[in-house]
Amino acid sequence: MTWLALALAALIALTILAYSRASGLAWALTVGAWFWAAAELDGGWSLPLLVPGALLLALAVLLIVAPIRRAILTRPMLDVYRRILPTMSQTEQEALDAGSVWWEGELFSGSPDWAKLHEIPQPKLTQEELHFLDHEVEEVCGMSNDWEITHIHQDLPPAVWQYLKDRGFLGMIIPKKYGGLEFSAYMHSQVVTKLATRSSTLAVSVMVPNSLGPAELLIHYGTQAQKDYYLPRLAKGIEVPAFGLTNPQAGSDAAAIPDVGVVCKGIWEGREIIGMRVSWEKRYITLGPICTILGLAFRLTDPDHLLGEKEDLGITCALVPTRTPGVNIGRRHWPLNATFQNGPNWGTNVFMPLDWIIGGPARAGQGWRMLMECLAAGRSISLPSLNTGMAKLASRCVGAYARVRQQFKMPIGKFEGVEEALTRIAARTYLMDACRIMTAGAVDLGEKPAVASAIAKLHVTEMGRQVVNDAMDVLAGKGIMLGPSNFMARAYQQVPIAITVEGANILTRSLIVFGQGAIRCHPWVLKEMEAARHPDPRQGLADFDHALTSHIQFALSNFARALVMGLTGSNFVRTPEAIDPRTRRYYQQLTRLSASFAFVSDVSMLVLGGGLKRREKLSARLGDVLSALYLCSAALKRYEGQGRHATDAPLLHWTIWDTLYHAQIALDGAIANYPNRLVAWVLRRVVYPLGRMFHAPSDELGARVAQILIAPSSDENRARDRLTAGMYLPKSETDPVGALEAALPAALKAEIVELKLRAAVREKKISGPDHAALVEAAAAKGIINLEEREALARYARLRDEVVKVDHFPQDFGLSVKVQERAAA
Ligand SMILES: Cc1cc2nc3c(=O)[nH]c(=O)nc-3n(C[C@H](O)[C@H](O)[C@H](O)COP(=O)(O)OP(=O)(O)OC[C@H]3O[C@@H](n4cnc5c(N)ncnc54)[C@H](O)[C@@H]3O)c2cc1C
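Structural notes, computed from the coordinates. Model, not experiment: these values are computed from the prediction.

Digging into the packing of helix α15 (residues 367-404) against helix α16 (residues 416-444)
For the pair α15 and α16, interaxial distance at closest approach is 8 Å and the crossing angle is 150 degrees. Judged by the angle between their axes, α15 and α16 are roughly antiparallel. You can see that α15 and α16 cross each other, and the crossing is left-handed. Class assignment for the residues of the contact of α15 with α16 results in 13 nonpolar, 8 polar and 3 charged.

A short note on a nonpolar patch on the surface
Taken together, L25, L29, L56, L57, L59, V61, L63, I64, V65, I68 and I72 make up a surface patch of nonpolar side chains, about 930 Å² in accessible area. For the nonpolar patch, the secondary-structure elements that each account for two or more residues are α2 (24-42), α3 (47-64) and α4 (66-84). Ranked by residue count, the leading element in the nonpolar patch is α3, at 6 residues. For I72, the location among the structural elements is in helix α4. Judged by relative accessible area, I72 falls into the exposed class, the value being 52%.

Some words on the pairing of strand β3 (residues 271-286)
As paired strands, strand β2 (residues 260-268) and β3 are joined by 9 bridges and run antiparallel to one another. If you follow C264 over to β3, its bridge partner there is G275. Looking at chain direction, β3 and strand β6 (residues 342-353) are connected through 9 bridges and run antiparallel. Its bridge partner lying in β6, T286 is registered against N342.

Here we look at the nonpolar core
As a rule of thumb, nonpolar side chains are buried together in soluble globular proteins. Core analysis: the largest hydrophobic core is formed by 147 residues, its most contacted members being V398, L422, M488, L593, Y630 and L667. The greatest single-element share of this core, amounting to 14 residues, is contributed by helix α17 (residues 450-475). Core analysis: the next-biggest nonpolar cluster, separate from the first, contains 57 residues, W161, F183, V204 and V327 among them.

Some words on the environment of T568
Secondary-structure assignment places T568 in helix α22 (residues 537-568). Spatially, the C-alpha atoms of T568 and L690 are 9.2 Å apart, while their sequence positions differ by 122 residues.

Notes on the packing of helix α25 (residues 649-672) against helix α26 (residues 677-687)
Close contact between α25 and α26 brings their axes to 9 Å; oriented N to C, the two are set at 150 degrees. Put simply, α25 runs roughly antiparallel to α26. Counting all contacts with α25, which are made through L667, D668, I671 and A672, the residues of α26 involved are R677, A680, L683, R684 and V687. The class makeup of the residues in the contact of α25 with α26 is 6 nonpolar, no polar and 3 charged.

Details of the site of the ligand
As a matter of local geometry, the ligand sits amid 19 residues, with L245, T246, S252, Y284 and E616 nearest to it. Between S252 and the ligand, the recorded distance is 2.7 Å, taken from a side-chain N or O atom to an oxygen atom. Each residue belonging to the shell around the ligand can be placed in one class, and the counts come to 11 nonpolar, 7 polar and 1 charged.

Let's talk about the layout of surface pockets
Empty pockets left among the atoms are what a rolling probe the size of a water molecule brings to light. Of the pockets and cavities examined, the second largest pocket occupies roughly 1,000 Å³. In this structure, the second largest pocket is lined by 38 residues; those nearest its centre are G24, W27, A28, L63 and I64. Those elements that place two or more of their residues in the lining of the second largest pocket are α1 (2-19), α2, α3, α4 and α22. Here the element with the most residues in the lining of the second largest pocket is α2; it accounts for 10 residues. The residue makeup of the lining of the second largest pocket, split by class, is 27 nonpolar, 10 polar and 1 charged.

Things to note about the packing of aromatic side chains
In this structure the tally under the stated criterion is 17 aromatic pairs. Connected via pairs of aromatic rings, a cluster forms that spans F132, Y163, F169 and F183. The ring of W524 has K527 lying over it, and the distance from NZ or CZ to the ring centre is 5.3 Å. If you follow R561 out to its NZ or CZ, it ends over the ring of Y19, 4.9 Å from the centre.

Quick look at the pattern of salt bridges
Overall, the coordinates contain 39 salt bridges when judged by the stated rule. E138 is paired through a salt bridge with K194; the nearest N and O atoms lie 2.7 Å apart. Here the residue E138 occupies a position in helix α8 (residues 127-143), and K194 occupies one in helix α11 (residues 185-196), the gap between them amounting to 56 residues. Classification of E138 by relative accessible area gives partly exposed; the value is 24%. K194 sits in the buried class, given a relative accessible area of 6%.

Digging into unusual backbone geometry
Located in the positive-phi region is Y284, a residue other than glycine, with phi close to 70 degrees. As for its placement among the helices and strands, Y284 is situated in strand β3. Despite not being glycine, A476 has its phi angle at roughly 50 degrees, a positive value.

What about helix α10 (residues 158-166)?
Taken residue by residue, α10 has V160, W161, Y163, L164 and K165 as its buried positions. Buried-residue contacts for α10 involve α8, α12 (200-207) and α14 (224-235). After α10 finishes, the residue G168 shows a positive phi value of roughly 80 degrees.

Concerning the environment of G378
Along the chain, G378 falls in helix α15. Spatially, the C-alpha atom of G378 lies 23 Å from that of G314, the residues being 64 residues apart in sequence. Excluding its chain neighbours within four sequence positions, the residues that come into contact with G378 are S211 and E502.

Thresholds, definitions, all that
Residues numbered from 1 in each chain as written. Predicted model: local features only at pLDDT ≥ 70, side-chain atom pairs only at ≥ 80, totals over all residues. Heavy atoms only, no water. Axes fitted to C-alpha atoms, helices over the stretch in contact; angles between N-to-C directions. Helix = DSSP H or I, 4+ residues; strand = E, 2+ residues; numbered from the N terminus. Parallel < 35°, antiparallel > 145°, perpendicular 65-115°, else oblique. Left-handed = near helix turned anticlockwise from the far one by under 90°. Nonpolar A, V, L, I, M, F, W, Y, C, P; charged D, E, K, R; others polar. Patch = residues over 30% accessible without salt bridge, like charges linked within 9 Å, V, L, I, M, F, W, Y side chains within 5 Å. Areas by Shrake-Rupley, 256 points an atom, 1.4 Å probe, with all protein chains shown as cover. Salt bridge = Lys/Arg side-chain N within 4 Å of Asp/Glu carboxyl O. Buried < 20%, exposed > 50% of the residue type's maximum accessible area, 1.4 Å probe, protein only. Pairing = 2+ DSSP bridges. Core = buried A, V, L, I, M, F, W, Y, C linked by side-chain atoms within 4.5 Å. Contact = heavy atoms within 4.5 Å. Near = heavy atom within 4 Å. Polar contact = N/O pair within 3.5 Å; in protein donor to acceptor, adjacent residues only side chain to side chain. 1 Å grid on protein atoms, 1.4 Å probe; cavity = no way out; pocket = protein on both sides within 12 Å on 5 of 7 lines; lining within 4 Å. Points joined across faces, edges and corners; volume = space filled by probe spheres on them. Phe/Tyr/Trp six-rings, centres within 6.5 Å; stacked < 30°, edge-to-face > 60°. Lys NZ or Arg CZ within 6 Å of the ring centre and 35° of its normal.

If you want it as structure tokens, here you go:
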């Protein structure tokens, strides 16, 4: 009995030590105390106690006394580590080094400090920015009609282009001293989101000059002369920029571009200079067909050593005015019916001065690093904003449509099947917006969150695709018939574009989120790698020793934490004071998930080593868990930041349950497919000691979420307005979105009158062959008054406007268009 108690005490003590990340000394003292207690109980130091005690003492000395540990343990381990450490190309290294680690680092810790999440300030707009949104952005949305842009102009109309240039839309990120608007990242995101609720061509045309491209690269790396010349011209739209990286042979593997520049002598403006002869073939370049200044990425070589010793200087970025002889632009691609300008460009042996390199000749060969460093900001803003705009449009309009459109004498939104789709649309829009706001906010705080921006790009665009698919299912035929009355088809057509650009989603999920996250966000892995590559062997050994011991402590702790939280249902995990008590369990569950994730990650890195890079399915699933932790953080932050509105709570609850449930599926999938079955068995027992953690959100909760979409906001419940805040809402009732805006309240008023009519029919007070006759009879008998009769008529008119689809002549009007064009 006594020995059993001692064994139990040892188990508890060891678990507490591991759980609390205790120091080596604390471990040694605890183990020593245990042996002392055992000896006391046993009546002295018997042999069975003395032998393990002595062995453990030796082990403690080995582990705690740093010089001994380093000599006997760390040095051989460092030698092995150096041998198995995968070699990394310079471009891989630069991609890995780029950007910063932000909140995602906490999520990798196994013990996120949730108070820190809520200390991150909420992004805010200035008065000037608010004014711009309410005036310039509102105005240009009003000037833009997506059907006409796509099917008549095949571009933004000249007046819209001019307005965008004159009002500085193309220079939102350019500092004021260069004539730009110098908006915050959050404001930039708000603008793109709002434009995307009106026209994707409009949004993309504004988004691209403000994303990774000439302006951004000049601001960070340009010479003063380049900044002084180009930035004011870009800010006012005198120059239209594009950036060409993608080559037919190098898409995802962009660092492999075969486009080359060769440093050589040549004649420039009448005199001989050292310049470069550049040949390139680019495709898919947004704004490429109309750009006046082309940012170009190519590999620069110096075979004659005109610049120095190095021959292969590496990827270099230059700004090439497109009027330069030999530059070919103008032809267009047709990206899934989108009419933003996009096309190929090319040039062969085009001679240009070295001054055209962004940052001047000193920056030759630094192009990849420059691009990687700026990637996070663009990824945090552009596509998350574009897709959130589409999702807001879907939420607001499809929700309204589901109330206005009736089948089987019921609004279709009240059928459970449609309700299910509406639930997903609303909850995903909530989450997408939360992720967009939090990630753009990080950029304003000076972060370049490499992993968070990849998560935002990947998941907001994926959720965007799901929202648009659900929206199309609810709209059915109305969504399929193209024409000016269709407000959703363009999003459906173009959703794959966002999936593909700025790191195609399969690659981002399989390779980047966890691949980069495991190295960048893990508290010790990068430090171990840096130590292994340290040029000074003594310092390298000392750094590696520190990183390795901390790493072991970290892994042991996550093992204990995952197990203990699994056994206790994470009920004892501490949560921050200043949160809505109703969300307390989420923080506890997320802490448990973080510990489980960190533990499985460490085991995977240990078991698979460099091979993990090739196990893309495992990497993708672990990335999904990290992403879920990030997305839930964003949702909780949004909920708190917006003032914990009780009416938003269903959106938060459904979102968190659904995201956690999917994280569990991902974690389950990772463990079930683990290449080593024994390790898989251990992982499952640690992560799910008492079974799975999360279940899918309930149908009852889903119904409350869907309800938000199918009724207009009221003074008591503004959840729908908050969900779709920042949308462009046209006033005209002949605009498809404007018609839905008017039809939704009209439908609700009409529903009340319809109830009166039905009651009157049931009570046999009125009868008639059709609805019109019943209305007539009810009005005649005073069952409904004039106002109610008008409400029915208004609803009928708006309903007809909302459900209508377009039809065209046999040739879709093409011959008329051709004639008009010829005349023009
Ligand atoms: C509308 C549009 C606008 C664009 N604008 C620009 C622009 O302005 N400037 C510019 O330079 N480029 C631009 N691009 C190019 C864009 O960045 C590339 O399309 C993108 O990088 C993917 O390259 P790819 O299309 O050649 O696909 P591929 O590289 O051929 O990839 C095909 C598939 O394989 C997957 N894949 C590739 N490698 C891996 C891997 N290791 N692991 C897992 N999956 C992998 C990808 O995820 C993808 O699903 C644009 C593209 C489009 C469609």
